[in-house]
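Summary of the model geometry
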There are 2 protein chains.
Amino acid sequence: MTALWLIVLCGVLSIVYAIWATSSVLKADAGSPRMQEIAGAVREGAQAYLRRQYTTIGLVGIVIFVVVAYLLGIYVAIGFAIGAILSGAAGFIGMNVSVRANVRTAQAATTSLAGGLELAFKAGAITGLLVAGLALLGVTLYFGFLVYSLKLAPDSRTVVDAMVALGFGASLISIFARLGGGIFTKGADVGGDLVGKVEAGIPEDDPRNPATIADNVGDNVGDCAGMAADLFETYAVTAVATMVLAAIFFAKTQILTSMMTLPLAIGGICIITSIIGTFFVKLGASQSIMGALYKGLIATGVLSLVGIAGVIYYLIGFGKLEGADFTGMALFECGVVGLLVTALIIWITEYYTGTDYRPVKSIAAASVTGHGTNVIQGLAISMEATALPAIVIIAGILVTYSLAGLFGIAIATATMLALAGMIVALDAFGPVTDNAGGIAEMAGLPKEVRKSTDALDAVGNTTKAVTKGYAIGSAGLGALVLFAAYNQDLKFFIANKNAYFAGVNPDFSLNNPYVVVGLLFGGLLPYLFGAMGMTAVGRAAGAIVEEVRRQFREKPGIMQGTDKPDYGKAVDLLTRAAIKEMIIPSLLPVLSPIVVYFLIYAIAGGGAAGKSAAFSAVGAMLLGVIVTGLFVAISMTSGGGAWDNAKKYIEDGHYGGKGSDAHKSAVTGDTVGDPYKDTAGPAVNPMIKITNIVALLLLAILAH
Amino acid sequence: MTALWLIVLCGVLSIVYAIWATSSVLKADAGSPRMQEIAGAVREGAQAYLRRQYTTIGLVGIVIFVVVAYLLGIYVAIGFAIGAILSGAAGFIGMNVSVRANVRTAQAATTSLAGGLELAFKAGAITGLLVAGLALLGVTLYFGFLVYSLKLAPDSRTVVDAMVALGFGASLISIFARLGGGIFTKGADVGGDLVGKVEAGIPEDDPRNPATIADNVGDNVGDCAGMAADLFETYAVTAVATMVLAAIFFAKTQILTSMMTLPLAIGGICIITSIIGTFFVKLGASQSIMGALYKGLIATGVLSLVGIAGVIYYLIGFGKLEGADFTGMALFECGVVGLLVTALIIWITEYYTGTDYRPVKSIAAASVTGHGTNVIQGLAISMEATALPAIVIIAGILVTYSLAGLFGIAIATATMLALAGMIVALDAFGPVTDNAGGIAEMAGLPKEVRKSTDALDAVGNTTKAVTKGYAIGSAGLGALVLFAAYNQDLKFFIANKNAYFAGVNPDFSLNNPYVVVGLLFGGLLPYLFGAMGMTAVGRAAGAIVEEVRRQFREKPGIMQGTDKPDYGKAVDLLTRAAIKEMIIPSLLPVLSPIVVYFLIYAIAGGGAAGKSAAFSAVGAMLLGVIVTGLFVAISMTSGGGAWDNAKKYIEDGHYGGKGSDAHKSAVTGDTVGDPYKDTAGPAVNPMIKITNIVALLLLAILAH
């Protein structure tokens, strides 16, 4: 009980930090009236988009709430609502800070790079800490309410189902937000670049381009709000899955509650270390932005090591644990592995997407011989970039399993995600600086300001790729945990002689053709989903190209600067496109487990044998979707980041610099990388989680 | 015994057909001296390349032969040699016909499209029937020799190991040939296009381009010889795996030999139906080339249905089978499913790569807005193109398993591959017409000739994608068969109390972390392998660009037509590059099972537990490599074909036709698609097979 209140306190601390940081951001100079006017347009567009997105999701959410309440009871439905509302809130608040920090960052960058970094990072940290804090509060408070106020057993079905539903609510928001936001932002970016940079020959963010405001709106709704919802969901689902496993493994022991509390406690302490870490982000004498971010990250990592040791010692001690064949010390070591996996994935992603290393340089070099070789090399790097992260994840699974079995893997994954506050902070400052650059350009600020914001933006490309690699990496490391949650649930229903599960005997062996079928079907989901996302961006971008061409044609004054483009029209067009396009791909992972279950059930002849076959196939599907999803997501996010930075590398004066043929080829690569890294790739992670969560809910519903 | 001789007779028939068809091709008019001079240069280049490639592979092969002979005995080593030599021979002979048919096809096309098609298809059919015939002869004769001359039991270890080694020999050639040939052909194609079409502004196959001859050489060594080795290997490995399964399932029954002979007999009868089918390929009144090919294919398919029914009735009858719970009729139905899967994959591939349907048209439409949107749409289509084939394969597994269990899946896969003679014929005519077009261009033949060869070539893009989809599809359908061969072998050694396998108890359940690790590691192989292939093409193309630029610089007369380019230099450069680049990626699948085995053995603490963990991980790896490999390969081969034909669609006069901006974008997409569809994508299939075969050999070696 005390532990839970302490964890809640940590969550509250994150909100206090967010309030303090917000007021400190808002106090900063908001720049000239022209800058404020531009920022105002971006803010309005972003808010209008998010209102419509949340309204649409809200309608879907209400339907699901009613269905869940009817099928699984009101407490489970309330869990769903909590997950959905808090996930949406994290994104919404973060974005609202972001659209106010952008103009202030531009203004601060007029004085110094350090000033710009400080403001932008503080804005990012607000989103980061809210994501971690709200997720932790939601899970902890609702768990505490069910267990202590309603006096339900912590491992009772209602508690487990309610926690799973909380994860489902978060996932549902996150897939819509990732996809909708991703389609919006990349539709604007790709369409705007094509018609502006390529056709009209005007620079990026030129105020004469009617798609400019939409592009800046996109940074906020996609990279900020979408990402926040995604990480909220990953955080919540991992915590929930670890709690479910603890409930099963330590059922009927004295330490049940402590073990269920452990992932939350690790999350709590890491919020504190993340808050401390943010104060270490300071530009040093070397003016290295990445160096400044690393200082914060390393501080958080080292403090977390100490903090987690303390939490484990306080909750369960370092000795042998009741009902388990491993010690508290082994669990601490698993936590260390979780931190190491995070560090290695960050380092590998920086290698593959940073301008200082072979991969990005090789894409830049390949740009000299044309568009085709740039894209070929980019695709090659994107595929290569999957190997080392996969090996790190494999090593992580092997080591933590040998230390403390499946629960060890779960603790490592939970620890990995406990750093989400800091990692999201690293990511969420990207859209702020990207916007600041746009505002600087549009408001005609001096070139040096743009240089500062560009430097911040290049680092942002890497940190954005890092967060995505980190999110999907946690899914890979946690693959067994998610599968185990399904498998253990299934075992529970069979052991408890639930009527529906009578005679069911699932076989998850690779010998079973239903398992192979499940693996293949799961494997196909990320591909089909990715194809839908890419096509949607292509369509949205095409619509923007038509719209901008129309405006240029009908108002020839725009290019002379005598007439103003209609920014709102482009924003509106994209809003409608993104909302429409996000629905079908989002339903793919929601419906797939259900369809596969009933299809295989029918094909295998129904009855207990049909059920066994169907449960086996759905289980295998959960792993299949991770096996290909991991590679699809990492290749897309790292490859896209590498393409973007290869362009920046050339713009820095290599291979002929801006305007050279190599630069034109690099712009093509950057365009291709856009939907890769910001639409299809990052949406794979919530897709995997949804598939898993829906499978768990399906079990609960069938048992009812 | 009689059955075996009849099967041998079918194999001999394919050779008789090849001899007849070769003499008929050689009798055709070889065109003007200028044409013969060009064709001579292509022939010399192709032969020189293949000599060096086979010399290099020969060295690797001798080492492996000695190692296998030492570890597993001379009969197993001889099996390896037979597989390697025949696989190489199929490619070598096919290519030698191809380099003589090209110029004759160009000459025939001067008279009529029908004449060109007839000659080119006949040349392709020679390769096709030699692939099927030699593979069938190799497996049948060596099996017959071991069983009837040496009096070994058909299910004895020596026979099984020798058959597996035969598959390994074939696989080894095929991965080198696919990769080496693929790097050569696409290095020449991409490099030649970049420097010729894009920089110098001269058309494809212009004789002033020093890379032109190399490009035509590449068509032969990559698309003809490489593809032949690949299909030979797929055919042999599938037949062997089915025989191994039969040896296990029907051990100690009266029908053991009949069941082991069944896949060979199906292969034999389908050689006859394929030969008959070739005579149905005739251009109808509609002048539809695809229609003509379909006539041949449908004739072969329908006749095969009848033939397979006859074979099954003759060998085992339609009634219940001894020692099994299914009937001969059920096996016939599995054969029908195999034919249906083939038909559906062909139809789906045509949909995704043909110029008449939405996918290719959507890429062409996306070309209007630029290079970036062309590539984005192409990538989206490439990913989407995996979904339907995967679903067809899933359905095939489900249906055949419910009909006759695992052996039913094996028979369906064997039937699918029995059509290889016809399918390869459809593919191998592509490089001939591609070359014919090149020769027509270089020899300055009238425009109409080029139009005929271009029409043949566009269909060639689809049939090439079809063959690759078919090869990888058979790997997907046969995934369980390949895994079962491994699993059953393992069970055999454990049951026979082999010293090394004492206490070993592999667990292939998805609950086992070693299984998840194996799936992830297997999943990473196609990605890493694809990255290596793409990078190698980029490097080779870059070298060609430099070389061509050098020649243009040093001999300014080339562009004026007063000086001759040094074609041989480009061929030589690519030969060295391809041979060098093919080694490391080819070793990846050879070494991976071995490395994974010993690494996991060590990590899991050695001893029987370590062995159990390692065998589980290696087994899972075999499925992991198929799960991602299927999607990587289909997306690459279909996507590449779609890009190529989108360019052809625009060249046919849509969206501004040749020279328009849309065309320039489409050329970029085509360039990107080149290494996708002709290097990395098709090499995934032999890679999967090698991983599987090496795992089987590893078991045999550990047991010794």
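Residues numbered from 1 in each chain as written. Chains lettered and ligands numbered in written order. Predicted model: local features only at pLDDT ≥ 70, side-chain atom pairs only at ≥ 80, totals over all residues. Heavy atoms only, no water.

**Some details on the overall build of chain A**
Across its full length, chain A carries 20 helices and 0 strands. Relative to its length of 704 residues, chain A is compact, with a C-alpha radius of gyration of 24 Å against a globular reference of 27 Å. Its C-alpha atoms give chain A principal-axis dimensions of about 75 × 55 × 45 Å. With 704 residues in all, chain A has 70% of them scored as buried. Sequence-distant contacts in chain A: of pairs separated by 6 or more residues, those separated by 24 or more amount to 83%. (Helix = DSSP H or I, 4+ residues; strand = E, 2+ residues; numbered from the N terminus. Rg over C-alpha atoms; globule rule 2.2 N^0.38 Å. Buried < 20%, exposed > 50% of the residue type's maximum accessible area, 1.4 Å probe, protein only. Contact = heavy atoms within 4.5 Å.)

**A word on the relation of the copies chain A and chain B**
The two copies are related by a screw motion: chain A maps onto chain B through a turn of 180° and a shift of 0.0 Å along the axis, at an RMSD of 0.0 Å. Considering both components of the superposition, the chain copies are consistent with a two-fold axis. Closest to the rotation axis within chain A is the C-alpha of Ser509(A), separated from it by 2.0 Å. Here 100% of the interface residues in chain A have copies in chain B that are interface residues too; the copies meet face to matching face. (Least-squares fit on C-alpha atoms with pLDDT ≥ 70 in both.)

**What to know about the packing of aromatic side chains**
Applying the stated rule across the entire model yields 53 aromatic pairs over all chains. Taking the centre distance of 5.1 Å and the plane angle of 85° together, the rings of Tyr351(A) and Tyr352(A) count as edge-to-face. Take Tyr352(A): its relative accessible area is 4%, and that puts it in the buried class. Judged by centre distance (6.3 Å) and plane angle (10°), the ring pair of Tyr597(B) and Tyr601(B) falls under stacked. One end of the pair, Tyr597(B), and the other, Tyr601(B), are both in helix H18 (residues 567–603), 4 residues apart, so they sit about a helical turn from each other. We classify Tyr597(B) as buried; its relative accessible area is 0%. Overall, Tyr601(B) belongs to the partly exposed group, its relative accessible area being 25%. (Phe/Tyr/Trp six-rings, centres within 6.5 Å; stacked < 30°, edge-to-face > 60°.)

**Here's the deal with the interface of chain A and chain B**
How big an interface is tends to be expressed through the accessible area that disappears when the partners come together. Counting residues at the interface gives 65 residues for chain A and 66 residues for chain B. Counting the surface lost from both chain A and chain B, the interface buries some 6,000 Å², and carbon and sulfur atoms represent 83% of this. Where chain A packs against chain B, one counts 0 salt bridges. At the surface where chain A touches chain B, the tally comes to 6 residue pairs in polar contact (both at pLDDT 80 or more). The set of elements that each furnish at least two residues to the side of chain A that touches chain B consists of helix H5 (157–200), helix H11 (371–384), helix H12 (387–418), helix H15 (479–495), helix H16 (513–554), helix H18 (567–603), helix H19 (607–651) and helix H20 (661–703) of chain A. The dominant element in the side of chain A that touches chain B, judged by the number of residues it contributes, is H16(A), at 19 residues. When grouped by side-chain class, the residues that make up the side of chain A that touches chain B number 46 nonpolar, 17 polar and 2 charged. (Buried area = accessible area lost by both parts, 1.4 Å probe. Salt bridge = Lys/Arg side-chain N within 4 Å of Asp/Glu carboxyl O. Polar contact = N/O pair within 3.5 Å; in protein donor to acceptor, adjacent residues only side chain to side chain. Nonpolar A, V, L, I, M, F, W, Y, C, P; charged D, E, K, R; others polar.)

**A few points about unusual backbone geometry**
Positive phi outside glycine occurs at Tyr655(A), with the angle close to 50°. With respect to the helices, strands and loops of the structure, Tyr655(A) is situated in the loop between H19 and H20. On the accessibility criterion, Tyr655(A) (40% relative accessible area) is partly exposed. Phi at Lys252(B) takes a positive value of approximately 65°, unusual for a residue other than glycine. Secondary-structure assignment places Lys252(B) in the loop between helix H6 (212–249) and helix H7 (256–278).

**A closer look at helix H2 (residues 33–72) of chain B**
It helps to recall that an α-helix has 3.6 residues per turn; residues three or four apart then point in one direction. Here H2(B) contains 40 residues, and its C-alpha end-to-end distance of 54 Å stays within 8% of the 58 Å for a straight helix at 1.5 Å per residue. Just downstream of H2(B), Gly73(B) is the residue with a positive phi angle, here 95°. (Expected span 1.5 Å × (residues − 1).)

**Some words on the side chain of Thr349(A)**
The residue Thr349(A) is located in helix H9 (residues 328–353) in this model. At 2.6 Å, the side chain of Thr349(A) forms a polar contact with the backbone oxygen of Ile345(A).

**Some points on the packing of H6(B) against H7(B)**
Residues and elements named next belong to chain B. Where H6 meets H7, the closest approach of the two axes is 8 Å, and the angle between their N-to-C directions is 160°. Relative to H7, the element H6 is oriented roughly antiparallel. The interaxial crossing formed by H6 with H7 has right-handed handedness. Residues Tyr 235, Ala 239, Thr 242, Met 243, Ala 246 and Ala 247 of H6 form the contact with H7, whose participating residues are Leu 256, Met 259, Met 260, Pro 263, Leu 264 and Gly 267. (Axes fitted to C-alpha atoms, helices over the stretch in contact; angles between N-to-C directions. Parallel < 35°, antiparallel > 145°, perpendicular 65-115°, else oblique. Left-handed = near helix turned anticlockwise from the far one by under 90°.)

**Some words on the side chain of Thr373(B)**
When you line up the elements, Thr373(B) lands in helix H11 (residues 371–384). Discounting chain neighbours no more than four positions away, the residues touching Thr373(B) are Val190(A), Leu194(A) and Ala366(B).

**Some points on H18(A)**
In this model H18(A) runs 54 Å from its N-terminal to its C-terminal C-alpha over 37 residues, within 8% of the 54 Å that 1.5 Å per residue would give. Helix geometry: H18(A) is bent most strongly at Leu591(A), by close to 45°, with proline Pro593(A) lying one to four residues after it. (Bend = angle between axes of the 7 residues up to and from the residue.)

**Quick look at the packing of H11(A) against helix H16 (residues 513–554) of chain B**
The N-to-C vectors of H11(A) and H16(B) enclose an angle of 155°; their axes lie 8 Å apart at closest approach. Put simply, H11(A) runs roughly antiparallel to H16(B). When you trace H11(A) past H16(B), the crossing you get is left-handed. The residues of H16(B) that touch H11(A), namely those facing Ile376(A), Gln377(A), Leu379(A), Ala380(A), Met383(A) and Glu384(A), are Pro526(B), Tyr527(B), Leu528(B), Gly530(B), Ala531(B), Met534(B) and Thr535(B).

**Some remarks on the pattern of salt bridges**
On inspection of all chains with the given rule, the structure shows 56 salt bridges over all chains. Residues Arg208(B) and Asp206(B) are paired through a salt bridge, measuring 2.9 Å at the closest nitrogen-oxygen approach. Overall, Arg208(B) belongs to the partly exposed group, its relative accessible area being 27%. Its relative accessible area of 8% is what places Asp206(B) among the buried residues. Beyond isolated ion pairs, a larger network of salt bridges with shared partners links Lys186(A), Asp189(A), Asp223(A), Asp457(A), Lys464(A), Lys468(A), Asp644(A), Lys648(A), Asp674(A), Lys677(A) and Asp678(A).

**A closer look at the confidence of the model for chain A**
Looking at chain A as a whole, the pLDDT averages 91, with 100% of positions reaching at least 70. Model confidence for the complex: the whole-complex pTM is 0.94, and ipTM, which rates the interface, is 0.94. (pLDDT = per-residue confidence, 0-100.)

**Observations concerning the environment of Ile472(A)**
Residues and elements named next belong to chain A. Relative to the elements of secondary structure, Ile 472 occurs in helix H14 (residues 447–477). In sequence terms Ile 472 and Asp 219 are 253 residues apart; their C-alpha atoms lie 21 Å from each other. Setting aside chain neighbours within four positions, we find Ile 472 in contact with Gly 629, Leu 630, Ala 633, Ile 634, Val 684, Asn 685 and Ile 688.

**A short note on the environment of Pro446(A)**
With respect to the helices, strands and loops of the structure, Pro446(A) is situated in the loop between helix H13 (420–442) and H14. For the pair Pro446(A) and Leu26(A), spaced 420 residues apart in the sequence, the C-alpha separation amounts to 23 Å.

**Comments concerning the environment of Gly267(A)**
Residue and element names in this part refer to chain A. Along the chain, Gly 267 turns up in helix H7 (residues 256–278). Linking Gly 267 and Gly 372, residues 105 residues apart in sequence, is a C-alpha distance of 46 Å. Aside from chain neighbours lying at most four places away, what touches Gly 267 is Leu 136, Tyr 235 and Ala 418.

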